Amino acid sequence: MKKKIFDSLKLMRIHQWVKNILVFAPLFFSGKLGDFHLLFISCQSFFSFSFIASAIYILNDYKDIALDRSHPKKKLRPLASGALSKKYGLGLMLFLVGFSLLSSLFLKQEAFFILLSYFIINIAYCFYLKNKAVVDVVTIASGFVLRLMMGSVVTDIRLSMWILLITFLLALFIALAKRRDDVLIFNKTGQRMRKSIKGYNLEFIDSSMMIMATVVIVSYIQYTTSQEVLERINNEYLYLTVFFVLIGILRYLQITLVEKRSGSPINIALKDKPMIMTLILWVLSFYWILYL
């Protein structure tokens with residue numbers, strides 16, 4: 001029984017829920033993190049988004065069982081390895097979708113439609129869009145924007161164009177790094193882990209990543225020096241946080257281009273000590289500027 005529970009949690013990819021922390025971003029950047037009512041609502045939306053995201057992961061694993069069995073790491077997933085049955089996987093997926101959509105109705109109607117949109121977009125991704133180069137990474141990046149929108153609508157906090165733009169570009173940068181790992185596997189083994197790989201090569205991905213990194217940095221600098229933003233937060237030292245963004249981007253490029261281990265962005269965020277320290281210092285510096 002314990003093993004089945006563990007395999008179920010593994011199938012749901014609980015560690016991927018880290019991505020859904022983005023629903024707290026509107027609350028954090030608005031300086032209202034101390035509002036416990038809004039914080040509670042944001043927590044509800046976090047779990048609603050996490051459940052439907054887990055349902056998508058299960059659907060993707062169900063569809064790609066045969067392909068995953070030929071992947072050096074993905075073959076260990078519960079459905080690919082046979083630890084859990086296909087029938088059980090589908091049942092768990094339907095439960096998560098139903099629970100997520102139902103719980104969102106207790107938040108706001110807009111939250112329901114955001115989750116429904118996320119679910120529909122990702123179904124299209126699982127069955128078609130993931131096979132189209134460039135479209136696949138753009139679809140992934142759009143999911144991060146929807147997470148921001150979820151946090152915005154449940155708290156009635158308006159999103160700035162800066163947070164939307166920077167989040168989308170950064171997500172695109174990370175998605176391209178993940179595709180680079182798939183290209184490396186193809187170059188080494190001759191196996192295409194996904195059909196979209198035929199539309200990528202190292203030169204294209206490396207160039208695209210450099211463009212995204214540059215635009216992210218420039219956009220963030222413009223954000224921290226924007227007169228509108230400085231007047232809203234009433235603090236002129238926001239530009240100091242640029243240092244941590246630069247270090248974070250450079251570290252991710254080093255992991256991708258030098259160490260060649262960009263296949264799992266979540267593992268990087270949770271296990272790479274320099275990246276963890278950079279993220280913590282960035283959050284603390286922002287907290288100091290906004291709240292102290």
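S.K.: I'm lost on the nonpolar core in this one. Help?
M.R.: For soluble globular proteins, the rule of thumb is that nonpolar side chains tend to be buried together. By size, the foremost hydrophobic cluster in this structure holds 44 residues, and its most contacted members are Phe-173, Tyr-223, Leu-238, Ile-249 and Phe-286. Examining the composition of this core, we find that 11 residues originate from one element, helix H9 (residues 161-189), more than from any other. If you look at the next biggest cluster of nonpolar residues, it comprises 34 residues, including Val-97, Ala-111, Leu-115 and Cys-126.

S.K.: So what exactly am I meant to see when it comes to the pattern of salt bridges here?
M.R.: Opposite charge on two side chains allows them to pair when their charged atoms are near. As enumerated under the stated definition, the model contains 14 salt bridges in all. The salt bridge involving Arg-179 is made with Asp-182; its shortest N-O contact spans 3.6 Å. Of the two residues, Arg-179 and Asp-182 are both situated in helix H9; the distance of 3 residues between them amounts to about one turn of the helix. As far as the burial class goes, Arg-179 and Asp-182 line up, both buried. Note that Arg-194 is salt-bridged to Asp-182, the shortest N-O span being 2.9 Å. Placement of Arg-194 in the loop between H9 and helix H10 (202-225) and of Asp-182 in helix H9 is noted, with a sequence separation of 12 residues between them. Accessibility expressed as a relative area gives 5% for Asp-182, which makes it buried.

S.K.: Can you walk me through a positive patch on the surface in this structure?
M.R.: Taken together, the side chains of Lys-132, Arg-192, Lys-195 and Lys-198 define a basic patch exposed on the protein surface. Relative to the helices and strands, Lys-198 is located in the loop between H9 and H10. Judged by relative accessible area, which is 65%, Lys-198 ranks as exposed.

S.K.: Would you mind going over helix H14 (residues 273-291) with me for this structure?
M.R.: Residues lying three or four places apart along an α-helix face the same way, a consequence of the helix completing one turn every 3.6 residues. When the terminal C-alpha atoms of H14 are compared, their 26 Å separation across 19 residues agrees well with the 27 Å that a helix rising 1.5 Å per residue should span. Regarding H14, the residues found buried are Met-275, Thr-278, Ser-285, Phe-286, Ile-289 and Leu-290. Along H14, the residues classed as buried sweep out an arc of 125 degrees about the axis, all on the same side. Exposed and facing more than 90 degrees away from the buried side of H14 are Lys-273 and Leu-284. Looking at the packing, one finds that the buried side of H14 touches helix H2 (25-29), H10, helix H11 (227-233), helix H12 (242-258) and helix H13 (265-271). Between a side-chain oxygen at the N-terminus of H14 and the backbone nitrogen of Met-275 the separation is 3.0 Å; the capping residue is Asp-272.

S.K.: How do you make sense of a nonpolar patch on the surface when you look at a structure like this?
M.R.: On the surface, Tyr-237, Tyr-239, Leu-240, Tyr-287, Trp-288 and Leu-292 cluster together into a nonpolar patch covering about 660 Å² of accessible area. Looking at the secondary structure, you find Tyr-287 in helix H14. Accessibility expressed as a relative area gives 34% for Tyr-287, which makes it partly exposed.

S.K.: What should I look at first to understand the packing of aromatic side chains in this one?
M.R.: Remark: the centre distance and the inter-plane angle together describe each pair of aromatic rings, the angle taken between the planes. Inspection of the entire model under this criterion finds 22 aromatic pairs. Aromatic side chains Phe-51 and Phe-99 sit 5.3 Å apart centroid to centroid with 80 degrees between the ring planes, which places their arrangement in the edge-to-face category. Highlighted residues: Phe-51 in helix H3 (residues 36-63) and Phe-99 in helix H6 (residues 86-105), separated in sequence by 48 residues. Taking the relative accessible area as the measure of exposure, Phe-99 reaches 42% and is therefore partly exposed. Three or more aromatic residues link up through ring pairs in this structure, and these residues are Phe-28, Phe-29, Tyr-220, Tyr-223, Trp-282, Phe-286, Tyr-287 and Tyr-291. The cationic tip of Arg-147 hangs over the ring face of Phe-144; the distance from NZ or CZ to the ring centre is 4.9 Å.

S.K.: Please clarify how the environment of Ser-208 should be interpreted in this entry.
M.R.: On the secondary structure map, Ser-208 appears in helix H10. Judged by relative accessible area, which is 14%, Ser-208 ranks as buried. Spatially, the C-alpha atoms of Ser-208 and Leu-11 are 32 Å apart, while their sequence positions differ by 197 residues.

Cut-offs used in this document
Residues numbered from 1 in each chain as written. Predicted model: local features only at pLDDT ≥ 70, side-chain atom pairs only at ≥ 80, totals over all residues. Heavy atoms only, no water. Core = buried A, V, L, I, M, F, W, Y, C linked by side-chain atoms within 4.5 Å. Buried < 20%, exposed > 50% of the residue type's maximum accessible area, 1.4 Å probe, protein only. Helix = DSSP H or I, 4+ residues; strand = E, 2+ residues; numbered from the N terminus. Salt bridge = Lys/Arg side-chain N within 4 Å of Asp/Glu carboxyl O. Patch = residues over 30% accessible without salt bridge, like charges linked within 9 Å, V, L, I, M, F, W, Y side chains within 5 Å. Areas by Shrake-Rupley, 256 points an atom, 1.4 Å probe, with all protein chains shown as cover. Lys, Arg positive; Asp, Glu negative; His and termini not counted. Charge placed at Lys NZ, Arg CZ, Asp CG, Glu CD. Expected span 1.5 Å × (residues − 1). Arc of directions from axis to C-beta. Contact = heavy atoms within 4.5 Å. Polar contact = N/O pair within 3.5 Å; in protein donor to acceptor, adjacent residues only side chain to side chain. Phe/Tyr/Trp six-rings, centres within 6.5 Å; stacked < 30°, edge-to-face > 60°. Lys NZ or Arg CZ within 6 Å of the ring centre and 35° of its normal.

Everything listed here is a matter of geometry and, on its own, says nothing about what the molecule does.
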